[in-house]
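# Fold and contact review
What follows is each chain in one-letter form.
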Amino acid sequence: AGSVIEGSACSDHPLRYAESLVHEASHSFLNYVMQLRGIDPTRAQRLFWSPWRGCDRPSFGIIHGAWAFAFVLDFYQTIVSGGFLETLSPAQARYCNARVAYERSRLEEVRASLSHALTDLHDDTVTHLLETAWQVVDKSWVASDGIRCA
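A brief report on the enclosed structure follows. Given the structure is predicted, the values throughout are model-derived calculations rather than measurements. (Residues numbered from 1 in each chain as written. Predicted model: local features only at pLDDT ≥ 70, side-chain atom pairs only at ≥ 80, totals over all residues. Heavy atoms only, no water.)

It is worth spelling out the pattern of salt bridges at this point. Side chains carrying opposite charge are able to pair once their charged atoms draw close together. Applying the stated criterion across every chain, the model contains six salt bridges. For the salt bridge of arginine 99 with glutamate 19, the shortest nitrogen-to-oxygen distance reads 2.5 Å. A residue pair is termed long-range when its members are at least 10 positions apart, and arginine 99 in helix α4 (residues 90-109) and glutamate 19 in helix α2 (residues 14-36) qualify at 80 residues. The buried category is assigned to glutamate 19, whose relative accessible area is 11%. Between glutamate 108 and arginine 111 there is a salt bridge whose closest N-O contact spans 2.7 Å. Given the relative accessible area of 37%, glutamate 108 is considered partly exposed. (Salt bridge = Lys/Arg side-chain N within 4 Å of Asp/Glu carboxyl O. Helix = DSSP H or I, 4+ residues; strand = E, 2+ residues; numbered from the N terminus. Buried < 20%, exposed > 50% of the residue type's maximum accessible area, 1.4 Å probe, protein only.)

Put into structure tokens, the structure is as follows:
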């Protein structure tokens, strides 16, 4: 897995830079776990729609996307519901709220596919990790305007 992190992104778009760190670290961790478990990413070839790539992807890609973007969602949900919006500009606060809504919708889009992709993988440890990470998608959060979102 390659990194898409650029040095200039840090000063130009600090939220996107932080998101990239969360995203890439998530991929690296999952790759490490899969390597330790002896999982061959090519063994599960069934394809599922990926809202992140806009095309069909194998089980391995769906699992990786759901894993990484669950942590991206958690990153932005923490900013939104953790009292950090006050430290941001109005544009950055709007961006964080928009990213929460956007990533939640994309993760919901792959909910059923993820279950099938995990079945293809045949690994209880990875399934448990994904189920744990998925809890962030299911938890309620309170937007900056105080409206409870489900």
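Text resumes after the structure shown.
A general tendency of soluble globular proteins is for nonpolar side chains to be buried together. The biggest cluster of nonpolar side chains holds 35 residues, and the ones touching the most others in it are Ile63, Tyr76, Leu107, Leu114, Val126 and Leu130. Of all the secondary structure elements, the ones that give two or more residues to this core are α2, α3 (59-81), α4, α5 (111-121) and α6 (124-138). The element best represented in this core is α3, accounting for twelve residues. When sequence neighbours within four positions are dropped, the list of residues in contact with tyrosine 76 reads Leu15, Arg16, Glu19, Tyr95, Cys96, Arg99 and Val100. (Core = buried A, V, L, I, M, F, W, Y, C linked by side-chain atoms within 4.5 Å. Contact = heavy atoms within 4.5 Å.)

What follows covers the side chain of aspartate 120. With respect to the secondary-structure elements, aspartate 120 resides in helix α5. In this structure the side chain of aspartate 120 is engaged in a polar contact, spanning 2.7 Å, whose partner is the side chain of serine 59. Residues contacting aspartate 120, with those up to four places away along its chain left out, are Ala44, Arg46, Phe48 and Ser59. (Polar contact = N/O pair within 3.5 Å; in protein donor to acceptor, adjacent residues only side chain to side chain.)

Purely spatial values, then, with no claim about function.
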